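Residue-level structural notes
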Amino acid sequence: MRKHSKEFLQNLTPYQGYELLVEGNERFINNLKRDHDHLELINQTRDGQYPFAVILSCMDSRASAELVFDQGLGDLFSIRVAGNIVNTDILASIEYAVKYIGSKVLMVLGHTECGAIKSAKQGVEDGHITGLLKRIQPSINKAMLSDNDNYMFHDKVAYANVENSLEEILHGSEIVKEMFENGEIGIVGGVYNIDNGQVDFFKNITKKKKEERQLASV
Ligand SMILES: [Zn+2]
């Protein structure tokens, strides 16, 4: 079945969508990236788009979702903003992706060494930057309370910040909440490590469909 088709997207389960991201990052870190024929992909996507995932990630130049998941034109809805924070326009974009296009996975992707997080910790205030950094503050407070010492503090905040954005999406969007509860979409949180290219898929609350659970237990 052709990847960029309505049929492909309708038949893909949320869990399979999650696996496509995991496999894509495996290819990326092993330098086995697919040969994305951009001109051919332009042809395939000219009549419509059927991206299987919507990913909210940071604007950081080292953390492009298409590259780190080895995806091509038409594969992902990519929403990027400093610190992968959530606001109402971002919620609207996510709602459009999952409800009107049929993307099966909603992912929030943070990353290590995030400049927005570092600036928030330093209390930087300037222009519109002030308001954006305030949105990261709850994650800093949460990370300070956490007893998990596996990460450097600012990277701990990166994890808390992904969790926080996922919570804000689920609490802020009835559409997303309902589709998730009905098993129509999967929800994934990850942190990209800028040292080695690996995504830590630390949160996956994607429900497997009944058939998939049966297969897994065979
Ligand atoms: Zn960042």
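The following paragraphs examine the structure supplied in this document. (Residues numbered from 1 in each chain as written. Predicted model: local features only at pLDDT ≥ 70, side-chain atom pairs only at ≥ 80, totals over all residues.)

**Points about the environment of A82**
Under the convention used in this document: A helix here means a DSSP run of H or I that spans at least four residues, while a strand means a run of E at least two residues long, and both kinds are numbered starting from the N terminus. Exposure classification rests on a simple neighbour count of other C-beta atoms within 10 Å of a residue's own: a residue reaching 20 or more is buried, one at 12 or fewer is exposed, and one in between is partly exposed. C-beta atoms are placed from the backbone. With C-beta atoms placed from the backbone, a contact is any residue pair whose C-beta atoms sit within 7 Å.
Mapped onto the elements, A82 comes out in the loop between β2 (76–80) and α5 (88–101). On the basis of neighbour counts, which here come to 19 C-beta atoms within 10 Å, the residue A82 falls in the partly exposed class. When the C-alpha atoms of A82 and G110 are compared, they prove to be 9.9 Å apart, with 28 residues separating the residues in sequence. Apart from the residues within four sequence positions on either side, A82 is in contact with C58, M59, A116 and L132.

**Structural notes on unusual backbone geometry**
Located in the positive-phi region is N31, a residue other than glycine, with phi close to 55°. If you trace the backbone, N31 turns up in the loop between α2 (14–29) and α3 (38–45). Look at N31 and you get exposed, because 7 C-beta atoms sit within 10 Å.

**Let's talk about the nonpolar core**
Operational definition: Definition of nonpolar core: a set of buried Ala, Val, Leu, Ile, Met, Phe, Trp, Tyr and Cys residues joined via C-beta atoms within 7 Å.
The biggest cluster of nonpolar side chains holds 51 residues, and the ones touching the most others in it are I55, V105, L106 and M107. Ranked by the residues each element gives to this core, the list is headed by helix α9 (residues 153–172), at 7 residues.

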